[in-house]
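Residue-level listing of the chains:
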Amino acid sequence: MNLRDNLKDKKRIVIKIGSSSLTHTETGRLNLMKMEILVRELADLHNQGKDVIVVSSGAIAVGKSAMGLSHKPQELDERQACAAVGQARLMMIYQKLFAEYSQTAAQILMTKYTMINRATRVNARNTFDRLLSMGAIPIVNENDTISTDEIEFGDNDTLSALVAALIDADVLLLLSDIDGLFTDDPNQNPQAEFIDIVEKIDAHLESMAKGSSGTSVGTGGMATKLKAAHIATSAGADMVIANGADFHIIHKILQGRNYGTLFLSDKKEEFYLDDIIDRL
């Protein structure tokens, strides 16, 4: 049996969208046509009776554009100011688009402290469960407006994997600007081979990871995606890394079609979120 066929039956789905997948390369502004396709894909999954959770980057990029900045914000206070403007605009657009399909979007902003503290972690889990039971689609982002180096996740690949672990997701889709996992950086090495399925993450696989992102917009490179895969699969979820250039890929992946790199669930009996968070 095709291992990807199992994706058809996944009930609770976390989908991470990178900044580069939401914005125009030339201007850094939101690509509204792509966002409309994204929301239609997510709304249709929800109409199939699936739980849909979105981890969406883009707040700082949207805020940067809104404030007329020509450079990528570097200083902490500048990034946080851009996030404060951009997150509000981003959610306004998500809510408007979801409303067109009679869907309700909810905002959840998290910091690492949310996960470190057991009480806030349990509360976050309960909030997710209640929102999903009420038929809402949670849209999650790091709370960049108040996060500092000590309490930030640093990238939404890690955040999405922790969310998947927290809510017992069945599958995590990481959509960014790469087609999947390769034996080497395909931009530098034309001989790099695409890896279709990963049954187990080992030291050799981790050594192939690169710590850089393909764009100036995103923050997560292949190293962060493999870390996310380790967290998600250890918690019992399958994970797919795929290219978010065309959001129609979402329904294609969940139909079991051959897109992206599939990491098979490798649930650890001794898996504890506390241990994972301590190592972040």
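Keep in mind the model is a prediction, meaning the values are calculated, not measured.

Novice: Any details on the confidence of the model for the chain? Residues and values, ideally.
Specialist: Per-chain confidence: the chain averages 87 in pLDDT, with 88% of residues scoring 70 or above. This stretch, residues 211-220, has a pLDDT under 50; its non-local contacts, to residues over four places away or in other chains, come to 20 contacts.

Novice: How would you sum up the sheet that holds strand β8 (residues 197-198)? Please name residues and give values.
Specialist: Neighbouring strands of a sheet are bound in pairs by backbone hydrogen bonds; such pairs are parallel or else antiparallel. Judged by pairing direction, the sheet is mixed, and its eight strands sit side by side in the order β3-β4-β2-β1-β5-β9-β10-β8 without closing on themselves. In this open sheet, the two strands that pair with only one neighbour each are β3 (104-110) and β8. Pairing between strand β9 (residues 238-243) and strand β10 (residues 261-263): three bridges, direction antiparallel. Residue pairing for β10: M239 is matched across the bridge by F263. Against the sheet, helix α9 (residues 222-234) makes contact with β5 (171-176), β9 and β10, and its axis sits at roughly 155° relative to β9, the strand it touches most.

Novice: Which residues make up the packing of aromatic side chains, and what values go with them?
Specialist: Under the defined criterion, the tally for this structure stands at two aromatic pairs. Pairing F182 with F194 gives two aromatic rings, centres 5.3 Å apart and planes at 70°, and the pair type is edge-to-face. Of this pair, F182 sits in strand β6 (residues 181-182) while F194 sits in strand β7 (residues 194-195), placing them 12 residues apart in sequence. Overall, F182 belongs to the buried group, its relative accessible area being 17%. A relative accessible area of 38% means that F194 is categorised as partly exposed.

Novice: Break down the packing of helix α2 (residues 32-47) against helix α4 (residues 76-99) for me, citing the residues and quoting the values.
Specialist: Close contact between α2 and α4 brings their axes to 10 Å; oriented N to C, the two are set at 55°. Viewed along their axes, α2 and α4 adopt a mutual orientation that is oblique. Along this stretch, α2 crosses α4, giving a crossing that reads as right-handed. Between α2, through L32, M35, E36, L38, V39, L42 and A43, and α4, the contact on the second element is made entirely by L90, I93, Y94, L97 and F98.

Novice: Describe the pattern of salt bridges, listing the residues and the values that go with them.
Specialist: Scanning the entire structure with this criterion turns up 10 salt bridges. Among the salt bridges present, the one from D196 reaches R4, with a minimum N-O distance of 2.9 Å. Here D196 is found in the loop between β7 and β8, whereas its partner R4 is found in the segment before β1 (12-17), with 192 residues between them in sequence. Under the relative-accessibility criterion, D196 is labelled partly exposed at 31%. Between R12 and D51 there is a salt bridge; the shortest N-O distance is 3.1 Å. In this pair, R12 is assigned in strand β1 and D51 in strand β2 (residues 51-56), connecting sequence segments 39 residues apart. Comparing R12 with D51, the two get one shared label, buried. Among the charged side chains, a salt-bridge network with shared partners connects R12, D51, R125, D129 and D168.

Novice: Explain the environment of M67 to me, using residue names and the numbers behind them.
Specialist: Tracing the sequence through the fold places M67 in the loop between α3 (59-66) and α4. Each C-alpha atom, one on M67 and one on V85, is 8.2 Å from the other, the two residues being 18 residues apart in sequence.

Novice: Please give an account of the nonpolar core that cites residues and values.
Specialist: Formed by 39 residues in total, the largest nonpolar core has its most connected members in V14, F128, V140, V163, M239 and F263. The set of elements that each furnish at least two residues to this core consists of β2, β3, α6 (118-133), β4 (136-142), α7 (156-166), β5, α9 and β9. Setting aside residues up to four positions removed in sequence, F263 forms contacts with L181, V198, I201, L205, L226, A229, T233, D238, M239 and I241.

Novice: Can you break down unusual backbone geometry residue by residue, with the values?
Specialist: The phi torsion at S102 lies on the positive side, around 60°, for a residue other than glycine. The exposure class assigned to S102 is exposed, which follows from its relative accessible area of 69%. Despite not being glycine, D168 has its phi angle at roughly 55°, a positive value. Mapped onto the fold, D168 is located in the loop between α7 and β5.

Novice: Could you give an account of the side chain of S176, with specific residues and numbers?
Specialist: With respect to the helices, strands and loops of the structure, S176 is situated in strand β5. With sequence-adjacent residues up to four places away left out, S176 is seen in contact with S20, S21, K225, A242, N243, G244 and A245.

Novice: Account for α4, with residues named and values stated.
Specialist: Taking 1.5 Å per residue, 24 residues should reach 34 Å; α4 reaches 34 Å between its end C-alpha atoms and fits that length. Along α4, the positions that sit buried rather than exposed are Q80, C82, A83, G86, Q87, L90, M91, I93, Y94, L97 and F98. The inward-facing, buried residues of α4 abut α1 (19-22), α2, β2, α3, β3 and β4.

The rules behind these values
- Residues numbered from 1 in each chain as written.
- Predicted model: local features only at pLDDT ≥ 70, side-chain atom pairs only at ≥ 80, totals over all residues.
- Heavy atoms only, no water.
- pLDDT = per-residue confidence, 0-100.
- Contact = heavy atoms within 4.5 Å.
- Pairing = 2+ DSSP bridges.
- Helix = DSSP H or I, 4+ residues; strand = E, 2+ residues; numbered from the N terminus.
- Axes fitted to C-alpha atoms, helices over the stretch in contact; angles between N-to-C directions.
- Phe/Tyr/Trp six-rings, centres within 6.5 Å; stacked < 30°, edge-to-face > 60°.
- Buried < 20%, exposed > 50% of the residue type's maximum accessible area, 1.4 Å probe, protein only.
- Parallel < 35°, antiparallel > 145°, perpendicular 65-115°, else oblique.
- Left-handed = near helix turned anticlockwise from the far one by under 90°.
- Salt bridge = Lys/Arg side-chain N within 4 Å of Asp/Glu carboxyl O.
- Core = buried A, V, L, I, M, F, W, Y, C linked by side-chain atoms within 4.5 Å.
- Expected span 1.5 Å × (residues − 1).

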